[in-house]
Amino acid sequence: MLETLDAPAVRTWCRLALSALGQAREEIDALNVYPVPDGDTGTNLYLTVEAATAAVEQCFDHGGDPALESAVKAMAKGALLGARGNSGVILAQLLRGMAEILAEHGGTAPALRRALARGTEAAYQAVAEPVEGTLLTVARSAAEAAAALDGSASDGPGSSADQLAEVAATAHRAARAALLRTPAQLPVLAQAGVVDAGGRGLVAVLGALADAVAGQAPMGPVALGEDLPAASASRGEGGCANEPERLPGHPAFEVIYLLDAPDEALPALRARLGALGDSLVVGGGDGLWNVHVHVDDAGAAVEAALAAGRPHRIRITHFAEAAARAGDRALPAAHPGAGSAPSGRAVLSVVTGAGLAELCRTAGAAVLAADPDAPPSSAELAEAVRRCGAHEVIVLLNDPELRAGAGAAADQLREEGVRIAVLPTRSPVQGLAALAVHEVTHRFDEDVVAMTSAAGATRYAELAVAEGESWTMAGVCQAGDVLGLIDGDVAVIGRGIAETGAEVLSRMLAAGGELVTLVVGEGAPAGLADRLVAHARRQRPEVDTMVFAGGQQSAPLLIGVE
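Since we're looking at a predicted model, the values are computed, not measured. (Residues numbered from 1 in each chain as written. Predicted model: local features only at pLDDT ≥ 70, side-chain atom pairs only at ≥ 80, totals over all residues. Heavy atoms only, no water.)

Student: Residues and numbers for the sheet that holds strand 2 (residues 277-285), please.
Tutor: One open sheet accounts for four strands, arranged 2-3-1-4; its pairing is antiparallel. The open sheet terminates on both sides in strands that have one partner only, identified here as strand 2 and strand 4 (310-318). When the angles between neighbouring strand axes are averaged without regard to direction, this sheet yields 10 degrees. Sheet topology places strand 1 (residues 253-260) next to strand 3 (residues 288-295); eight bridges connect them, and they run antiparallel. Across the sheet, the residue bridging to Y257 is V291, located in strand 3. Contacts from helix 3 (residues 68-82) reach strand 1, strand 2, strand 3 and strand 4 within the one sheet, and its direction differs from that of strand 3 by about 35 degrees. Each of strand 1, strand 2 and strand 3 is contacted by helix 4 (residues 85-105), which is oriented at about 30 degrees to strand 2, the strand it contacts most. (Pairing = 2+ DSSP bridges. Helix = DSSP H or I, 4+ residues; strand = E, 2+ residues; numbered from the N terminus. Axes fitted to C-alpha atoms, helices over the stretch in contact; angles between N-to-C directions. Contact = heavy atoms within 4.5 Å.)

See the structure below:
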């Protein structure tokens, strides 16, 4: 448990927040009925925190731990530059306010209380017309609860007011309680039977902060409990059914851009944009601003920016089209071209290792070569899909950790007219099985179903070397032990790679199988594949075995059994 927030803790906070938002992204999107029911709040918050996380990671790239001031300022600027949507800009401004206090006063418990208050103040100031029952209300409740610790009767040396973890946990609990009250504060939420989407995202971010300073796993921000209204049921009854009637009452476009402009130009810009539309949020400072507004005249909103300074990264979204896409996300087959002949289809496979990359290319896939220590971001995944130059793209992630970022990238690409399917392959061996049945002459949906079925019918395993003592599903491992993971869980703990690989293979074949695929990684002992092929033949002579040199550094051996 930390006594003071430092740069590594900020890094952990960002990572846990990104993970929590990734897991909750689709749920938050489904909750999105205010201010416009376009189903993208979860995605926008994820992309905002992803940009903040990347900026903090860059602080550590030069070796050593940076100062807290450097980490929080990088987090705030990254969030500002990457902020998407109404909630994303508000969250970025909240983080900017927190960073101001933490950079100046350090990461103590009193400083965190002040940071939460300043962040909330900055978030309110960014919104032209604050509305209660939103992310703002949740932020204020969290800050007020944390501030109340300072005046508690038990305050004194060693009291809860002086404990960083207690301040963060109190803010998280208060935010969660405030979130559950939002339907009573905002009629549109009560009508749809949901809590506020932006507030739900903030609960995840504050829960990640509480977990980071307490040294716990990121369960708090994800599992809100049974008393949270179910998004799927409420959207089906009140949300989606009412959206077509509400959309005509909203401005037609969302306009968002970064703006280089002096502080003195902002009042006139705010006044001009306020007259043009609503949901105006302007975050930033020191000459760089992130501007978000809903308008009927998108051109006029951009012209207002030109009068104030230099706009860039301009994004304009048509709400009616976005809402229609949000309603269709759960039904990827419902596409106008579902019954037509395939045109311009590609498969993108994300892999590590030169051998695996060449295998995928030989099978007809485009390849995104991933760094095992720095997984591709949603922006990098989206750009790799664009480079395929195809109207229809099937993505093989081959790693469960990439699902959240890929989902955000897919939503963005659908806005650009790309028909995309992200297959839930959890290992490269499942990706290879999917590629083996890929057939471009089939309809898109048929191809996706066949590839998904092939991947799902392939059990996967890998070997890894333990870096330290740890509890696992198979018992306690020590540094240097060889771990055999089957379908993602540690099943075998051994000392040698060949021996552990043979035990893992025996367990997998005990459940049946017709084809074994062995992908040998970089640094695997000589003769490993031959020993395992012989072992498989002794145990199951009827099973075919294929061996590939994958070259992956992350695992000395990958095993697939179909």
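Moving on from the model shown.
Student: Go over the pairing of strand 3, please, and point to the residues and values.
Tutor: Burial analysis of strand 3 places eight of its eight residues in the buried class, which makes it a mostly covered element. Going residue by residue along strand 3, you find L288, N290, H292 and H294 tucked away on one face and W289, V291, V293 and V295 tucked away on the opposite face as well. Both strand 2 and strand 3 contribute to a ladder of seven bridges, which runs antiparallel. Paired with G284 across the bridge in strand 3 is W289. (Buried < 20%, exposed > 50% of the residue type's maximum accessible area, 1.4 Å probe, protein only.)

Student: Could you give an account of the sheet that holds strand 8 (residues 419-423), naming the residues involved and the relevant values?
Tutor: Read from one edge to the other, the open sheet built from four strands follows the order 6-5-7-8, with strand pairing classed as parallel. Looking along the sheet, the strands with just one partner apiece sit at the ends: strand 6 (366-369) and strand 8. Between one strand axis and the next, the sheet turns through 20 degrees on average, direction left out of account. Note: strand 5 (residues 345-351) against strand 6, four bridges, orientation parallel. Within strand 6, the position partnered with S349 by the bridge is V367. Running over the sheet, helix 15 (residues 378-388) touches strand 5, strand 6, strand 7 (392-396) and strand 8 and is turned about 140 degrees from strand 5.

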